Amino acid sequence: MNVLIVYAHPNPLSFNQSILKVINTAFKKRGDQVQLKDLYAERFDPVLGEAQLSLQNEGKVPDDIKREQEQVTWADMIVVIYPLWWFDRPAILKGWFDRVFTNGYAFSFDENGLTGLLHNKRAMVVVTAGGTKEDFGKNADQLTKSTTEGTLAFCGITDIIDRVFYSVTMVDDAAREAMLAELEQMVQGC
Ligand SMILES: Cc1cc2nc3c(=O)[nH]c(=O)nc-3n(C[C@H](O)[C@H](O)[C@H](O)COP(=O)(O)O)c2cc1C
């Protein structure tokens, strides 16, 4: 498989970085081709502004966004890794979707309604949260939805694995190691 990892954490010493390393290595071990999109390291500009919107109204996208879309097109599997920030994605990741998953590229509308144009792809979404599962109560199953439902499924990707790791800042090293081991298995079983 061609695997595009989209990673959104600014701190190279974070637990998210450990998750990235495990997932990246595990896919490579399987013999998959992996491309990494490290949004902070690349200083991706997440603001969808007037210039791009005007171009989109003419059915065009900027060249740098075209290159992002080529990477998405290349991928059979899109893996998204991020910490939960305010019950959602970090803004840089939200902005990447805003700018790259454009109307006409990732989805289209016509007289029959919405068509997701990325339906031949699979996805994996891995999220860390500071809170415990109990803290979230009835909302615990909503944490990945902005990405899994709001974006990926909207664009036609229905084969999605998602996993939230709770309380990652509070648990001990052994618990974090267990989370990483689970992820390695998850990739092996893909
Ligand atoms: C701006 C910001 C917003 C956050 N919002 C939430 C939140 O809504 N719910 C939650 O459980 N944790 C929240 N957290 C905690 C992070 O999810 C947590 O620090 C992160 O998952 C830990 O992983 P890391 O060590 O890789 O950073 C927030 C952290 C920051 C910096």
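Residues numbered from 1 in each chain as written. Predicted model: local features only at pLDDT ≥ 70, side-chain atom pairs only at ≥ 80, totals over all residues. Heavy atoms only, no water.

The next thing to look at is the overall build of the protein. A tally of regular secondary structure across the protein gives seven helices and seven strands. In the protein, the succession of α and β elements from N to C terminus is β-α-β-α-α-β-α-β-β-β-α-α-β-α. The C-alpha radius of gyration of the protein comes to 17 Å, within 12% of the 16 Å expected for a compact globule of 190 residues. Overall size of the protein, expressed as C-alpha extent along the three principal axes, is 55 × 40 × 35 Å. By residue count, 47% of the 190 residues in the protein fall in the buried class. For the protein, the share of sequence-separated contacts (at least 6 apart) that also reach a separation of at least 24 residues comes to 77%. Accessible surface computed for the protein: about 9700 Å², of which carbon and sulfur atoms make up 51%. (Helix = DSSP H or I, 4+ residues; strand = E, 2+ residues; numbered from the N terminus. Rg over C-alpha atoms; globule rule 2.2 N^0.38 Å. Buried < 20%, exposed > 50% of the residue type's maximum accessible area, 1.4 Å probe, protein only. Contact = heavy atoms within 4.5 Å. Areas by Shrake-Rupley, 256 points an atom, 1.4 Å probe, with all protein chains shown as cover.)

Near the ligand you find 16 residues, and of these H9, N16, L84, W86 and T128 are the closest. Here H9 contributes a side-chain N or O atom positioned 2.6 Å from an oxygen atom of the ligand. If the ligand stood free it would expose 630 Å²; the protein chains cover 69% of that surface. Grouping the amino acids of the shell around the ligand by side-chain chemistry returns nine nonpolar, seven polar and no charged. (Near = heavy atom within 4 Å. Polar contact = N/O pair within 3.5 Å; in protein donor to acceptor, adjacent residues only side chain to side chain. Nonpolar A, V, L, I, M, F, W, Y, C, P; charged D, E, K, R; others polar.)

If you trace the five strands from one edge of the open sheet to the other, you get β2-β1-β3-β6-β7, paired in parallel fashion. Only two strands of the sheet have a single partner each, and these edge strands are β2 (33-38) and β7 (159-165). Direction aside, neighbouring strands of the sheet carry axes that sit 15° apart on average. The pairing of strand β1 (residues 2-7) with strand β3 (residues 77-83) spans five bridges and is parallel. From the neighbouring strand, Y7 faces β3, where its bridge partner is I81. Contacting β6 (122-128) and β7, helix α7 (residues 173-188) crosses the sheet at an angle of about 175° to β7. (Pairing = 2+ DSSP bridges. Axes fitted to C-alpha atoms, helices over the stretch in contact; angles between N-to-C directions.)

Before going further, it helps to examine the layout of surface pockets. Space inside the largest pocket adds up to approximately 160 Å³. F97, D98, F101, F107 and T151 are the residues nearest the centre of the largest pocket, which is lined by 13 residues in total. Elements that contribute at least two residues to the lining of the largest pocket include exactly α4 (91-100) and α6 (145-153). The biggest single contributor to the lining of the largest pocket is α4, with three residues. Within the lining of the largest pocket, the residues separate by chemical class into five nonpolar, five polar and three charged. (1 Å grid on protein atoms, 1.4 Å probe; cavity = no way out; pocket = protein on both sides within 12 Å on 5 of 7 lines; lining within 4 Å. Points joined across faces, edges and corners; volume = space filled by probe spheres on them.)

A few words on the side chain of N16. Of note, N16 is situated in helix α1 (residues 15-29). Of the residues examined, N16 reaches a relative accessible area of 2% and is grouped as buried. A polar contact of 2.9 Å, which involves the side chain of N16, links it to the side chain of T128. When residues no more than four places from it in sequence are discounted, the contact partners of N16 are Y7, H9, I81, Y82, P83 and T128.

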